Structures are given as C-alpha cells and as structure tokens.
Amino acid sequence: MDSKFTSGAIRRDRRLVRYYPFTTGSSSAVKEEMKKEVIQLGVKLSLSVVESMFLLCDDIGTMLFFCYRLWRGYNPRPYPVLERLLRVMHCVYLRDIKPKKGVFKNNGQSVQWRLISATWEDFSNGVMVMHKLVRILRKKGWSYDDRLLFSAIEKYKQVLKRLDDKLRSKKNVLEKNGFMRESIEPNIYGLWKSIFDEEAKETKHTLKEIRNSIISGIFEPIAGKPIHRKIRALPSHTPYILGIDFPKQELKEEVVKLGIELSLLVAQSMFFMRDADYRSMLWFYFKLWIDATKDSDRGSPVAERLLYVNYAIKPKDKAFENDDARWVQWKLIKTTMKDFAAGIRDLDRLVSILRGEGSYSDGREFTSRIEEALKRIDDKLRCTKSNSEVNGFAREVMESNILELWKSLFYKDAKEAWKPRVMRRIVSLTDMYKPLLDKTL
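Residues numbered from 1 in each chain as written. Predicted model: local features only at pLDDT ≥ 70, side-chain atom pairs only at ≥ 80, totals over all residues. Heavy atoms only, no water.

Peer 1: Give me the lowdown on the pattern of salt bridges, citing residues and values where you can.
Peer 2: In the structure shown here, the tally under the stated rule is 24 salt bridges. In this structure, Glu253 and Lys155 form a salt bridge, with 3.8 Å as the shortest nitrogen-oxygen distance. Placement of the pair is Glu253 in helix 11 (residues 246–273) and Lys155 in helix 6 (residues 146–168), with a sequence separation of 98 residues. Of the charged contacts, one joins Lys407 and Glu404 as a salt bridge, the two residues approaching to 3.8 Å between their closest N and O atoms. Residue Lys407 and its partner Glu404 are located together in helix 18 (residues 395–407), separated by 3 residues, close to a single helical turn. (Salt bridge = Lys/Arg side-chain N within 4 Å of Asp/Glu carboxyl O. Helix = DSSP H or I, 4+ residues; strand = E, 2+ residues; numbered from the N terminus.)

Peer 1: Quick rundown of the packing of aromatic side chains? Include the residues and the values.
Peer 2: Scanning the model with the defined rule gives 10 aromatic pairs in all. Judged by centre distance (5.9 Å) and plane angle (45°), the ring pair of Phe271 and Phe393 falls under tilted. Of this pair, Phe271 sits in helix 11 while Phe393 sits in the loop between helix 17 (385–390) and helix 18; the two residues are 122 residues apart in sequence, bridging distant segments of the chain. By relative accessible area, Phe271 is classed as buried at 6%. Every member of this aromatic cluster is reached through a ring pair, and the members are Phe66, Trp113, Trp120 and Phe123. (Phe/Tyr/Trp six-rings, centres within 6.5 Å; stacked < 30°, edge-to-face > 60°. Buried < 20%, exposed > 50% of the residue type's maximum accessible area, 1.4 Å probe, protein only.)

Peer 1: Could you give an account of unusual backbone geometry, with specific residues and numbers?
Peer 2: One non-glycine residue, Leu242, lies in positive phi territory at about 60°. Within the secondary structure layout, Leu242 lies in the loop between helix 10 (229–232) and helix 11. A residue is classified by how much of its surface remains accessible, and Leu242, at 1% relative accessible area, is buried.

Peer 1: Summarise the packing of helix 1 (residues 28–56) against helix 6; cite the residues concerned and give the values.
Peer 2: One way to put it is that helix 1 packs onto helix 6 with a least axis distance of 10 Å and a crossing angle of 20°. In this view, helix 1 runs roughly parallel relative to helix 6, as classed from their interaxial angle. Both helix 1 and helix 6 take part in a crossing whose hand is left-handed. Packed against helix 1, whose contacting residues are Val30, Met34, Glu37, Val38, Leu41, Lys44, Leu45, Ser48, Glu51 and Leu55, the element helix 6 presents Asp146, Leu149, Phe150, Ile153, Glu154, Tyr156, Lys157, Leu160, Leu163, Asp164, Leu167 and Arg168 at the interface. Residue composition of the contact of helix 1 with helix 6, by class: 13 nonpolar, 1 polar and 8 charged. (Axes fitted to C-alpha atoms, helices over the stretch in contact; angles between N-to-C directions. Parallel < 35°, antiparallel > 145°, perpendicular 65-115°, else oblique. Left-handed = near helix turned anticlockwise from the far one by under 90°. Contact = heavy atoms within 4.5 Å. Nonpolar A, V, L, I, M, F, W, Y, C, P; charged D, E, K, R; others polar.)

Peer 1: Just give me the short version of the confidence of the model for the protein chain, but keep the residues and values in it.
Peer 2: Averaged over every residue, the pLDDT of the protein chain is 79; the share at 70 or more is 73%. The low-confidence segment residues 1–20, where pLDDT is below 50, has 46 contacts with residues more than four positions distant or belonging to other chains. (pLDDT = per-residue confidence, 0-100.)

Peer 1: Before we move on, can you summarise the side chain of Ser48 with the specific residues and values?
Peer 2: Relative to the helices and strands, Ser48 resides in helix 1. Judged by its relative accessible area of 4%, Ser48 falls in the buried class. Beyond its immediate chain neighbours, meaning those up to four positions away, Ser48 contacts Phe123, Leu163 and Leu167.

Peer 1: If you had to explain the side chain of Lys132 to someone new, which residues and values would you point to?
Peer 2: Inspection of the secondary structure assignment puts Lys132 in helix 5 (residues 120–138). Despite its burial, Lys132 pairs with no opposite charge, the nearest such side chain being Asp245 at 11 Å. The residues touching Lys132, leaving out its near neighbours within four places in the chain, are Pro239, Ile241, Leu242 and Gly243. (Lys, Arg positive; Asp, Glu negative; His and termini not counted.)

Here is the structure:
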C-alpha cells in the first residue's frame, strides 16, 4: 500500500494550512488531561511488568533475560518510557526478589514461561505504543489530532486489559511469590508522574551514570551468559495503534459511523412522513438521490447504501394523502434537504479518498463538515422523533441491520460486487412506486 506516513504521521506539507493527523491549536486543558491518563496507563504497564517478574522468579535467569529483552529489545537509546521501566525492574528486583535468593538454573526455564510468552505481543505493543504516546504529548507547538489520540488511548487500554487478564489468571501464584500491589504501586507512580515535567530532565551525564549503575545492579547475574533460545526467539511486533495505517483506518471507522448516522436521520425523516403522505416520503428520497448523484460519473456509494433504508420502509396496506399534515411535514423536512445533500456529497468524497482516489490529508476537515451538517439535521428533526417512532422507526434495530452494510464500503472488491445489488434495488423501487411518482409535489 502506498503511503505518505512515517511513524503514524503524514509528512508535513508546508503548503497546507492544516493537515491530518496533525493540527494546530489543540486545547492545553485537553492535552493535560491526556497526560494524566497516560501517566496512569504507564503505571499499569509497569505493574504488569512487575507481575511478570514475580511469576518468573522461580528461575532468576528466565526473569532477568525476559526483563532485558523487554527493555533492550526495542531501541538502545534511553527513551523516557524504557528508562522508567528499567528503574521499576531494578527496584523490584533488588528490594523484593533478590533477597529471596532465588535459584538460577543454567539455561533453565520458569514453570510460568508458557504464560508469559503468551503475553509477549501485548507487552511489546504496550511498550512501543506508550513510547509513541509520550513522544507525541511531549511535543510543543504541534500536536496529534485529538480524536486520534483519544482513540489510541482507548485501544491502548484494551491492550493493557488483555495483559492484566492473562497475568491475573495466576493470581494465586503471584500472591504465593510475594507480590503486593499496594506496597509497589505508590513507588511506581512516583517514577511516572514526572515523565512530562521539564524540570525532571537530568543532564545526559547524570542519566548515563544512573543507567549504568542500574544495569550493573540488575543484569550482572546474566552478564556474559547466552540468552535462552526461547526468549531470543520472541518475535518483534509492529503495533497497529499509532502505526503507519492507524490514521487512515481510524478515519474509515469514523466514515462508517457517520454513514450509519446519516442513514438513521434519513430513515427518521421518511418514517415521519410515512402516514401523512407516502408519495412525499418517496419524493424526498429520490430528491436526495438526484442531488447526490447528479455531479458524479461513477455513482454514489453513500446514496446506494441509503437505498436499503428506503427499501426497508414498506408502504402500508392503504397509502393515502393528508393535505394539512402533508404540508406541515414537508415544510419541516424541506429545511433539511440542503444539509442532507451536502453531507452525502462530502461523505462520498471522503469514501473516494479513503479508497485510494486522492490524498486524505484533509480528512478531518471533511468529517467536521459532515458532523456539522448532521448536527443541524438532528436539531431540526428532534421534534419529529415521537411521530417517527409511532410510525415504526426503531433506531436500535435499524442501526444493527445497517452496520455491515456500511462496513462493506471498504471491503476488497466491494465496489464491483455492489453494482448488481444496487441495480436490482433501483428497478424494484421504480416498479413498486411508479404509480405514486406519476404526480409531482
């Protein structure tokens, strides 16, 4: 896949006023809240490292080689996250594990190694994503798109939860080996709370001295010994979170959510008009279709999916017109047409970009415009909610029915596979409702 991304970010194009996933002017209050949350997540990551040490402490060699691989396996440079993990390992080893004079089996293996090896991908992702979060939040002037960061943090929490669930399955072993969370966590927090403090930046000379002392203190027992082959064989991982494809994939998820919301608002409008004048309801949809496709030679994947909303709303046994109700309802729905058309066009454009037909550097600008249009529609339709529900509109049911429909926007070969289905729906609707469309409003 061709990409302009490096390390999860688009290369800066100075010709652009704004670009995605970077933007300017992010709220300092929002950034500070994110920093606090990342600090707490750093503490959780460290606690998982500590738990793995207590699980592996029946064989000191396995434990130390695991710690070494976790600390040294990503980058030899002294990054803030790795430095704190190293200090946590050092403190726990000297204070809680070494005094117990645990065994060191030459090329041995802890009885808990199978469990710990199963957590390796989560540990690997945990360290690398935490490093990226800290690096981004330490930057001045430019900040990562807030929504991407929020999404990254939420997905990172899932990584740590998986890790915690696996380790806690051996809670009895942890307790037997002396793990006491309450006494360890405060000390870990003391290390992490300074990760964003400028005054906490020691000189390179001081850092080097501290690091050398720590390395000597914790890894001296395995110095010069060959690393265990199973630890050496642990694979390298490239995390999805904040990775090269992360901004694009997250934008695709947002497009699916926006498409679902657009469908629900269209459905709410159609159910609102369903009883007063079924012909007006049909005319509303076909007007949307015309506005969405009139300037496109390749059709509208968004409007095509809205066909399913129309197709799902069946006429009642007796269609009728109520002139007074018809006028009031159409007058209200007519005020939403401009925003509906704009939302469909912008969503179509964004879909085309994400399918590889352009640059998505301005993706956030599109999503913002679409959201604003949908919000204006929602505000206008708020008074129609009860009538729509009486006429059969069930938001939760329809949402679950159209989820896969919108996800298919980005399935491989979905474009070609979709065409026959669209044509069948168009023919079916045209035949079914032709008598109602013979008249005009």
